[in-house]
Amino acid sequence: MEQLWAPWRLEYVQSAGKQDDCFFCVAAASDDDEATLVVHRGEHAFVLLNKFPYAAGHLLIAPYRHGVSFGGLDENEILEIHRLGAQGLDALAATYSPEGYNLGWNIGRIAGAGIPDHGHLHVVPRWGGDTNFMPVLADVKVIPEHLAVTRTRLAAAWPRTN
Ligand SMILES: [Zn+2]
C-alpha cells in the first residue's frame, strides 16, 4: 500500500501519461514549431499560440514539465514564465500594438482550463473594440489573421535576450 503513494510512483504516472493526450507535451517534444504553433522556447518553459484564441496573438506560456500547475512550479519555471510573459508583451506590442493585456491562469475545468494537468499562463492582447475577457469563441471578428501567420510574426518580433 505504501508504494502506491511513493513520489517516484506519482512521477512515473505523470510522465507515462504525458505524450499522447497533452498538446503542450506534444509541442514541447516536437521540432516543428510551425506545426505546433510554438513561438519561442526557453530553458524551462516555452510559448505557443492558443489554437482556440480569445483574440489574435493569444499566447500560452507553459513549463516543459507535465503535471504541475500554478502552485507546483519550481523556482526556475516561475522566473522564466514571468520573463517569457514580459517578452510576449513586447512581441505583441511590436507586432499588433494592443491597447492592453489580460494575463492569467485558469485552474480547473470549471475555470476554463482545457488542459488542467499541464499548467499554463494565458497572455491575451486587448483592443478597445474587442469583447470582454472571455468573448464567444466563434466571434471571428476578433481573429482576422491566420494562426500560422501570427506565429511567424510574433516569433520574428520576439525580443532578443542575452
Ligand atoms: Zn503535458
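Here, the structure is the one placed above.
Residues numbered from 1 in each chain as written. Predicted model: local features only at pLDDT ≥ 70, side-chain atom pairs only at ≥ 80, totals over all residues. Heavy atoms only, no water.

1. Digging into the coordination of the zinc ion
Phase 1: Within the protein, the zinc ion binds to C22 (SG), C25 (SG), H66 (ND1) and H118 (ND1); these donor distances fall in the range 2.0 to 2.3 Å.
Phase 2: Here the zinc ion binds four donor atoms, and the angle range of 104 to 115° at the metal identifies the geometry as tetrahedral.
Phase 3: The motif formed by the donor residues of the zinc ion, counted along the single chain, is C-x2-C-x40-H-x51-H.
Phase 4: Overall, the relative accessible area of 4% leaves C25 in the buried class. (Donors = N, O, S within 2.8 Å, 3.2 Å for Na, K, Ca; no water. Tetrahedral: all angles 85-135°; square planar, octahedral: opposite > 155°, others 65-115°. Buried < 20%, exposed > 50% of the residue type's maximum accessible area, 1.4 Å probe, protein only.)

2. Some points on the packing of aromatic side chains
Phase 1: One pass over the full model with this rule turns up three aromatic pairs.
Phase 2: Ring centres 4.5 Å apart and planes at 25° place the aromatic pair F23 and F24 in the stacked group.
Phase 3: Taking the relative accessible area as the measure of exposure, F23 reaches 32% and is therefore partly exposed.
Phase 4: By relative accessible area, F24 is classed as buried at 0%.
Phase 5: Between F46 and Y64, the aromatic rings sit 5.1 Å apart at their centres with planes inclined by 0°, giving stacked as the arrangement. (Phe/Tyr/Trp six-rings, centres within 6.5 Å; stacked < 30°, edge-to-face > 60°.)

3. Thoughts on the pairing of strand β2 (residues 45-49)
Phase 1: Within β2, five of the five residues are buried, leaving the element largely enclosed by the surrounding structure.
Phase 2: With burial as the criterion, each face of β2 is covered, one bearing A45, V47 and L49 and the other bearing F46 and L48.
Phase 3: Where strand β1 (residues 38-41) lies against β2, three bridges are found, and the strand directions are antiparallel. Within the sheet, the bridge partner assigned to V38 lies in β2 and is L48.
Phase 4: Where β1 folds back onto β2 in an antiparallel hairpin, the turn is made up of three residues.
Phase 5: When β2 meets strand β3 (residues 59-63), the two strands line up antiparallel, connected through five bridges. By the bridge assignment for β3, F46 is matched with A62. (Helix = DSSP H or I, 4+ residues; strand = E, 2+ residues; numbered from the N terminus. Pairing = 2+ DSSP bridges.)

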